[in-house]
Amino acid sequence: GACGYGSLALNFNGGFLVARVSSYFKYGASCGACFQIRCKNSDLCSKSGTNVMLMDLNTNTHTDFVLCNKAFKAMAKPGKDRDILKLGVADVEYKRYNHLNLSCYWNFRLMNVT
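Anyway, here's the lowdown on the structure attached to this text. What you see is a predicted model, and the numbers here were worked out from it, not measured in a lab. What you see as residue numbers is a count from 1 along each chain, following the sequence as written. Only residues with pLDDT of 70 or above have their local features reported here, since the model is predicted, and side-chain atom pairs are shown and tallied only from 80 upward, although totals for entire chains, interfaces and linings are computed over all residues. Side-chain numbers here rest on the full set of heavy atoms in the structure, without hydrogens or water.

Next up on the list: the environment of V21. For the purposes of this entry, the term helix denotes a DSSP run of H or I that reaches at least four residues, the term strand denotes a run of E that reaches at least two, and both are numbered from the N terminus. Along the polypeptide, V21 turns up in strand β1 (residues 17-21). Taking C-alpha positions, V21 is 7.7 Å from T63, a pair spaced 42 residues apart along the chain.

Our next topic: the sheet that holds strand β4 (residues 65-67). Either a parallel or an antiparallel arrangement is found when strands of a sheet pair, and the pairing is made through backbone hydrogen bonds. A pair of strands counts as paired when DSSP detects no fewer than two bridges linking them. Taken in spatial order, the five strands line up as β4-β1-β3-β2-β5 in an open sheet, and their pairing is mixed. Of all strands in the sheet, those with a lone pairing partner are β4 and β5 (92-97), marking the two edges. The mean angle between the axes of side-by-side strands here comes to 40°, regardless of whether they run parallel or antiparallel. The sheet contact formed by β1 and β4 spans three bridges and is antiparallel. An axis is simply a line fitted to the C-alpha atoms; with a helix, the fit covers only the stretch in contact. Between two such axes, the angle follows the N-to-C directions and lies from 0 to 180 degrees.

A word on the packing of aromatic side chains. Aromatic pairing here means that ring centres of Phe, Tyr or Trp (its six-membered ring) are within 6.5 Å. Orientation follows from the plane angle: under 30 degrees is stacked, over 60 is edge-to-face, and everything else is tilted. One pass over the structure, following the stated rule, counts four aromatic pairs. Considering the side-chain rings of Y5 and F12, the 5.0 Å spacing of their centres and the 75° angle between planes classify their relative orientation as edge-to-face. Aromatic pair F35 and Y94: ring centres 6.1 Å apart, planes at 70°, arrangement edge-to-face. Of this pair, F35 sits in strand β2 (residues 34-39) while Y94 sits in strand β5, and the two are 59 residues apart along the sequence. Of the residues examined, F35 reaches a relative accessible area of 3% and is grouped as buried. Members of the aromatic cluster, each reached through a chain of ring pairs, are F35, F65 and Y94. Only protein chains enter the accessibility calculation, which uses a 1.4 Å probe; a residue is then buried when its area is under 20% of its type maximum, exposed when over 50%, and partly exposed in between.

In this text, buried Ala, Val, Leu, Ile, Met, Phe, Trp, Tyr and Cys residues form a nonpolar core when linked through side-chain atoms within 4.5 Å. In this structure, I37 and L67 are the most contacted members of the largest nonpolar core, which totals 25 residues. Those elements that provide at least two residues to this core are β1, β2, β3 (50-58), β4 and α2 (69-74). Two residues qualify as a contact provided that any one of their heavy atoms is within 4.5 Å of a heavy atom in the partner residue. If near-sequence neighbours (up to four positions away) are discounted, I37 is found in contact with V18, G49, T50, V52, F65, L67, M75, V92, E93 and Y94.

Position of N13 among the secondary structure elements: in the segment before β1. Polar side-chain contacts of N13 include one of 3.1 Å to the backbone oxygen of F16. Identification of polar contacts relies on pairs of N or O atoms within 3.5 Å, with a donor-acceptor requirement for protein atoms, meaning one able to donate a hydrogen and the other able to accept it, and with residues adjacent in sequence counted only if both atoms are side-chain atoms.

The next thing to look at is the pattern of salt bridges. The term salt bridge refers to a side-chain nitrogen of Lys or Arg lying within 4 Å of a carboxyl oxygen of Asp or Glu. Enumeration over the complete set of coordinates arrives at two salt bridges. In this structure, R38 and E93 form a salt bridge, with 2.6 Å as the shortest nitrogen-oxygen distance. Highlighted residues: R38 in strand β2 and E93 in strand β5, separated in sequence by 55 residues. Taking the relative accessible area as the measure of exposure, R38 reaches 31% and is therefore partly exposed.

For the rest of this paragraph, the subject is the state of the cysteines. Criterion for a disulfide: a pair of cysteine sulfur atoms at a distance within 2.5 Å. Under the defined criterion, the tally for this structure stands at two disulfides. Disulfide pairing is shown between C3 and C31; the S-S distance is 2.0 Å. Sign of the S-S torsion, about -95° for the bond between C3 and C31, identifies this disulfide as left-handed. Of this pair, C3 sits in the segment before β1 while C31 is found in the loop between α1 (22-25) and β2, placing the two residues 28 residues apart along the sequence.

Take a look at the structure:
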């Protein structure tokens, strides 16, 4: 993705990843930002939604976010994941977390090379 992590990013935050439009992507400054996103369709969507990590740039001008399938299905109530995928586009609400809230996690070790 546009954050430059390549396939390594697929393991970040358990694979719950999202792309965001350029006005919020801020030339990569928002890479690693964490969001709680939930859809507003009460028949299909859970109240808790899903937590995602920003890892790519969304060039689609019709949506603010593009969620990976895993994250999109995670917004659904139990047994409704296929139904939510059929929507394709969902009306959502979201909030950004700071990293101290631990809503996203980085499951790798950091190494300082000097």
